[in-house]
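So the chains spell out like this:
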Amino acid sequence: MHRNGLTGSAYNLSMPVARTLFGREDEGNILEEAVAGLSVGMCGTYLVAGDAGVGKTTLVESVLSRADIQVLRGGAHGGGAEPYGPLRTALRGYLRSSADGADQVEMPPMALSLLMPTLGGVPPETKPEEVRRAMREAFERVAEHHPTAVFVDDLQWADAATLTLLADWMEPPTGLPLLLIGAYRSDELPRQHLLRTLRARLRRAAGPQAHIHLGPLALEDSAQLVRGVLGDRATPEVIDTVHRRARGLPFYIQELASAVAQAGEEARAIAASEVVPESVRDAILLRIAGLSDQARMLAEIAAAAGSPVGVDVLVELADDGPALEEMFESGLLVEQPSGKEWRTKAAFHHDLVGEALYRTTPWARRRHHHAALASALEARGESPSIVAAHWTAAHKPARARPLLVSAAEAAWEVHAYRDAKNAIEAALGSWPAGEDEGARLSALDRLGDCAERCGEIEEACRAWEEAAAAYRSAGDHEALALTKRRLAGVHELAGDWPHAMAARRTAAEEFIAAGRPLDAAGERMAAAHHLIDDAHPLDALRLVQAAQADIEVAKEEARDASPVVEATWLQARALALEGLIRAELGERATGVEMSRAALDLVLDAGPDAIAAEVYALHAFTLERAADHAAGLDVLTDAVTFCRSRGLDAEAHVCMACLAPALRHTGEWDRALDVGREVLADGEAPEVARMVASAVSGLIMANRGKVSHARRLLTPAVSFAQAHELFSLEIEATWGLARLDELAGDHDIAATRLRELIYRCLARDERHYSVPALRWASTFFGRNRHASDLGACTDLLARISAATGTAEATGALAHALGESALLEGDARRAADQFERTLELLSVAGTPAEVAETQVRAGAALGTAGDRDKAVERLVSAYNTARALGARPLAAAALAELEALGEDLESRFGPRAARYRDPTSLTPREHDVLELIAAGLTNRGIAEELFVSTRTVDMHVRNLLAKLSCRTRTEAVRRAGELELLAST
């Protein structure tokens, strides 16, 4: 990065010029075949990489300029990038490319809000995945109308939001004529750059041929390029010198050859080493030297601008219209055509021209240019991030700081958390001590939010610890308490229990000092939940008793009825929690009595959420007391009571806590027994029957019994939706999503899970959704749905912060592990999954532990820790076998096979049958995968380099083994048996 974060960009792509390519025939053929595939509805993604000046843009544009397709172009520039900037540019270019473009393709409202903020911007309640989905859908709608290529240049400078969306796009939607081409400088790619993740994902999805790396030209290709500029003056000595000094890079070759051409006829007799400038910078300066003083000053301003800049800005700052014309006539600047409502902009014909000129501009003039540009752009309402970058380069941090904060908030609003984090960090980096402390603390709070959403827990802790120290110094007890509450959540996520408990304790003390005893009680009870999960019931009991004392204080200090009512509800929670602890400690009768008293306390006036929680605690207390029959009685009585009182779905959530608890803790056979008893009892309320049906169906789905499970789950989900029983809806929807995945219907499963996430957000559900959300994160991670995975992670972060339970924190760690695995960071993923296993081992959830062990095994294997990966996978397989979870056992075996394990030697011949009950041969597996990818027999033959007749034979064999008549049935059946790598 250079120019204090301001760099050039190839936005002149809206004026592509076909050029003759030398030495790029193979690379050009790859892209031409990809473009030709659009005519038959094929899609694809390609990345073009190479050093600056190697000809990436020229290669891509030479191919696109000869194709009869719609081309959408966008380029990135370093510093001041707005979220989704290159993609917004591409879509805006499409909308203004023809008078009827907007009418022909109806853009999603969310995408239009991003493209045209004057329409109102993105609504604050928008979920992260909705933004990414809307942007992607906009491009897909264009492709539905006309075969389309999207070219995004200079990805090394792209914002994090763009790269995140493109990473999810490494497998474009099948059936749409949509081609994505990205270009980036491989010599400007730091180790942690998100492009590395994007590149790795592309190689996995499409193979190495989709990543095109351009190297320097050979001498003979350089010679053709030099001759194209110099003609008969291209002597062997000149060619050799140009090639050597240009290091075989086409842009450098052209610039050095052009400098020779400008040397004139008298240079014929001069040695080549004297004719050819020492560097491209010298060659560019030779061209600049022939301009007028006013034009040279204008060139410096354009170089400082970095990105394309409005012609009106250049005219204003240079105060010389003829100088601008001189720049255009010289070919150094090119004009960007635009619609009548858009300002005309200008940019250098190549980034490297502006970069070379910028480096030679004296630092004092550079600062002056940046300050002038910042003022002009700010007056014109330019993006705060771009204006801030210029103020920063002008060494005026006070002017940049509020703009960086504004840019961060704008990024936050569209859920571009990493871009928001980067902007806030830049603002805080130059914030003077003691100046506008309130705004600085707000920025620190937001930095913590962003870091948490990005999975950077340590950074979130640092931000909130700094804010907490400032609040403590200022004596702001309330702000300190709230910050400590957030710190407790992230410490718990990181597995730092001592600091988490200390944060909860401090939060409680500060809430007391702030006069908020009920909040203090809430903190103590959250800490008590942790201690119960961590097998410290006595410590938990002391905290609950302290919380009860806080509640009594709140009642005594209350001046009106409202706090008293709230204290009563909280008191019921504390009493129920104490009952659970007493039962855990062996005081079964006392515990059941307390939880029953708590339930009595909230039945008359308690809100639905509190009633649901207390019902759950009462049922768990009965379970701890080993009185499962009484637990079932509580379920039946609670359902009858709530229906008679007209309570809504939140009150019904915990009515069926016993059977789901048995399923949750791995006692599947017992849960099925309970379910059968309820279903066989004709006197049981219909809601209880549907709960039993949903729990039984979910267990059957886990065991791979597709038909039986669907018969149980389908009526349960219909009943739940009709009667607004949300806990029942979660169980049944989750089970159906599992069945959809087994059947290979991934789109249907994804739709169910997205709707589930939305409804959980709307209802602020914090308990029953956790296992389903943890599983959903794996589903979205395996299927590379980055935006959906982000939404799932966001929801789990909310639940974890609100409840602090080991299960919720473990689920969040699991989701962050899936995100890390999706980003290609296997080591970080393995650490998160290991953290999940620690937490789930406390929660006592064997099925969830085994599922996480499978994902941990995959991550550990990728990270190179084979022994530990095998250990995790063997444990997962054994647990799955014990539970009868056939699909999970098959998944564990598949990962072990990928690590090179001999399954028959380790587990006996039955394991191989578990992995593939059809006994398909390796070649039949290959054919099946390609059938699922949509290839014809002829296409499969070409892919596998065999004859079509051979493929016909393999297809007949696998159809017979799968007992299917058609290819479609075979793919569906293979999904049920988990024979496909994507399932």
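Only a predicted model underlies this, so the values are computations on that prediction, with no experimental measurement involved.

The rules behind these values
Residues numbered from 1 in each chain as written. Predicted model: local features only at pLDDT ≥ 70, side-chain atom pairs only at ≥ 80, totals over all residues. Heavy atoms only, no water. Helix = DSSP H or I, 4+ residues; strand = E, 2+ residues; numbered from the N terminus. Buried < 20%, exposed > 50% of the residue type's maximum accessible area, 1.4 Å probe, protein only. Contact = heavy atoms within 4.5 Å. Areas by Shrake-Rupley, 256 points an atom, 1.4 Å probe, with all protein chains shown as cover. Polar contact = N/O pair within 3.5 Å; in protein donor to acceptor, adjacent residues only side chain to side chain. Pairing = 2+ DSSP bridges. Axes fitted to C-alpha atoms, helices over the stretch in contact; angles between N-to-C directions. Salt bridge = Lys/Arg side-chain N within 4 Å of Asp/Glu carboxyl O. pLDDT = per-residue confidence, 0-100. Phe/Tyr/Trp six-rings, centres within 6.5 Å; stacked < 30°, edge-to-face > 60°. Lys NZ or Arg CZ within 6 Å of the ring centre and 35° of its normal. Core = buried A, V, L, I, M, F, W, Y, C linked by side-chain atoms within 4.5 Å. Arc of directions from axis to C-beta. Parallel < 35°, antiparallel > 145°, perpendicular 65-115°, else oblique. Left-handed = near helix turned anticlockwise from the far one by under 90°. Nonpolar A, V, L, I, M, F, W, Y, C, P; charged D, E, K, R; others polar. Expected span 1.5 Å × (residues − 1). Disulfide = S-S within 2.5 Å.

### Section: the overall build of the chain
The secondary structure content of the chain amounts to 51 helices and eight strands. Burial statistics for the chain: of 983 residues in total, 57% are counted as buried. Here the analysis covers contacts within the chain between residues at least 6 apart in sequence; of these, 68% occur between residues at least 24 apart. Looking at the chain as shown, the accessible area adds up to about 39500 Å², and 50% of this sits on carbon and sulfur atoms.

### With respect to unusual backbone geometry
Non-glycine residue His395 carries a positive phi angle of around 60 degrees. In this fold, His395 is placed in the loop between α19 (384-393) and α20 (397-413). Its identity is not glycine, yet His415 carries a phi of approximately 65 degrees, on the positive side. Within the fold, His415 resides in the loop between α20 and α21 (417-429).

### Observations concerning the environment of Thr751
One can find Thr751 in helix α38 (residues 746-763). Of the residues examined, Thr751 reaches a relative accessible area of 48% and is grouped as partly exposed. Taking the C-alpha atoms as reference points, Thr751 and Ala737, 14 residues apart in sequence, are found 8.8 Å from one another. A polar atom in the side chain of Thr751 sits 2.9 Å from the backbone oxygen of Asp747.

### Examining the sheet that holds strand β3 (residues 148-153)
Strand-to-strand pairing in sheets goes through backbone hydrogen bonds, with the strands running parallel or antiparallel. Strand order in the open sheet formed by five strands is β2-β3-β4-β1-β5, and the pairing between neighbours is parallel. Two strands close off the open sheet at either side, each with one partner strand: β2 (70-75) and β5 (211-214). Going across the sheet, the axis of each strand differs from the next one's by a mean of 15 degrees, ignoring polarity. Packed on one face of the sheet, helix α2 (residues 56-64) meets β1 (44-50), β2, β3, β4 (178-185) and β5 and runs near 165 degrees to β3.

### Considering the pattern of salt bridges
One pass over the structure, following the stated rule, counts 55 salt bridges. Between Glu437 and Arg440 there is a salt bridge; the shortest N-O distance is 2.8 Å. Here Glu437 and its partner Arg440 are both found in helix α22 (residues 437-453), three residues apart, which amounts to about one turn of the helix. The exposure class of Glu437 is partly exposed, given its relative accessible area of 28%. A salt bridge links Asp519 to Arg485; the shortest N-O distance between them is 3.4 Å. One end of the pair, Asp519, is in helix α26 (residues 517-533); the other, Arg485, is in helix α24 (residues 477-493), and 34 residues separate them in sequence. Asp519 sits in the partly exposed class, given a relative accessible area of 23%. For Arg485, a relative accessible area of 26% corresponds to the partly exposed category. Among the ionic contacts, a cluster of salt bridges with common partners joins Glu478, Arg485, Glu492, Arg504, Arg516, Asp519 and Glu523.

### Observations regarding the confidence of the model for the chain
Scored by pLDDT, the chain has a mean of 80; 83% of the residues are at 70 or more. Predicted confidence for residues 99-103 stays below pLDDT 50, and this span has two contacts to residues more than four positions away or in other chains.

### Quick look at the packing of aromatic side chains
Scanning the model with the defined rule gives four aromatic pairs in all. The interplanar angle of 25 degrees and the centroid separation of 5.9 Å between the aromatic rings of Trp775 and Phe779 together place this pair among those described as stacked. In this pair, Trp775 and Phe779 are both assigned in helix α39 (residues 769-782), four residues apart and thus about one turn of the helix distant. We classify Phe779 as buried; its relative accessible area is 0%. Counting every residue linked through ring pairs, the aromatic cluster contains Trp775, Phe779 and Phe780. Sitting over the face of the ring of Tyr358, Arg366 holds its NZ or CZ atom 5.1 Å from the ring centroid.

### Some remarks on the pairing of β3
The buried fraction of β3 is high, at six of six residues. Across the two faces of β3 the burial is the same, with Thr148, Val150 and Val152 and Ala149, Phe151 and Asp153 all buried. With five bridges joining them, β3 and β4 adopt parallel strand pairing. Bridge assignment links Ala149 to a residue of β4, and that residue is Leu179.

### Quick notes on the nonpolar core
Of all hydrophobic cores here, the largest spans 225 residues; its most connected members are Leu31, Val48, Leu64, Leu155, Leu314, Met327 and Leu333. Contacts of Leu333, omitting those with residues within four sequence positions, involve Ala302, Leu314, Leu324, Met327, Phe328, Ala346, Ala347 and Phe348.

### Re the side chain of Ser777
Structurally, the position occupied by Ser777 is in helix α39. Ser777 sits in the buried class, given a relative accessible area of 0%. Once you skip the residues sitting within four places of it in the chain, Ser777 turns out to touch Leu789, Cys792, His814, Ala815 and Glu818.

### Observations concerning helix α15 (residues 311-318)
For an α-helix, the turn length of 3.6 residues means that residues three or four places apart are oriented alike. Val311, Val313, Leu314 and Ala318 are the residues of α15 that are buried. What you see down the axis of α15 is that its buried residues fit within an arc of 160 degrees, all on one side.

### Some words on the packing of α38 against helix α40 (residues 786-803)
When two helices pack together, their arrangement is given by the angle between the helix axes and the distance between those axes. Where α38 contacts α40, the axes come no closer than 11 Å and their chain directions differ by 30 degrees. The angle between the axes of α38 and α40 places the two elements in the roughly parallel class. Seen from above, α38 lies across α40 with left-handed handedness. Listed contacts from α40 to Arg754, Ile757, Cys760 and Leu761 of α38 are Asp788, Ala791, Cys792, Leu795 and Arg798. When the residues that make up the contact of α38 with α40 are grouped by side-chain class, the tally is six nonpolar, no polar and three charged.

### What to know about the pairing of β1
Extensive coverage of β1 is indicated by the burial of seven of its seven residues. Where burial is concerned, the two faces of β1 agree: the one with Gly44, Tyr46, Val48 and Gly50 and the one with Thr45, Leu47 and Ala49 are both buried. Note that β1 and β4 share seven bridges and pair parallel. Within the sheet, the bridge partner assigned to Gly44 lies in β4 and is Leu179.

### Concerning the packing of helix α49 (residues 937-944) against helix α50 (residues 948-962)
Where α49 meets α50, the closest approach of the two axes is 8 Å, and the angle between their N-to-C directions is 110 degrees. Classified by the interaxial angle, the pair formed by α49 and α50 is roughly perpendicular. As for how α49 packs across α50, the hand of that crossing is right-handed. Along the contact surface, α49 presents Asn937, Arg938, Ile940 and Ala941, while α50 presents Thr948, Val951, Asp952 and Val955. Broken down by class, the residue content of the contact of α49 with α50 amounts to four nonpolar, two polar and two charged.

### Comments concerning helix α9 (residues 219-230)
Along its 12 residues, α9 runs 16 Å from first to last C-alpha, staying within 8% of the 16 Å computed at 1.5 Å per residue. All buried positions along α9 are accounted for by Asp221, Ser222, Ala223, Leu225, Val226 and Leu230. Tucked inside the fold, the buried residues of α9 contact α10 (236-246) and α11 (250-262).

### With respect to the side chain of Thr506
Mapped onto the elements, Thr506 comes out in helix α25 (residues 497-513). Leaving out residues up to four positions away in the same chain, Thr506 has contacts with Arg472 and Lys484.

### Comments concerning the state of the cysteines
By definition, a disulfide is the covalent link that joins the sulfur atoms of two cysteine residues. Inspection of every chain in the model, using the stated rule, returns zero disulfides. Free cysteine: Cys450, not disulfide-bonded; nearest cysteine sulfur from Cys454 at 6.5 Å. Classification of Cys450 by relative accessible area gives buried; the value is 0%.

### Section: the environment of Leu959
Within the secondary structure layout, Leu959 lies in helix α50. For the pair formed by Leu959 and Glu924, sequence separation is 35 residues and the distance between their alpha carbons is 9.9 Å.

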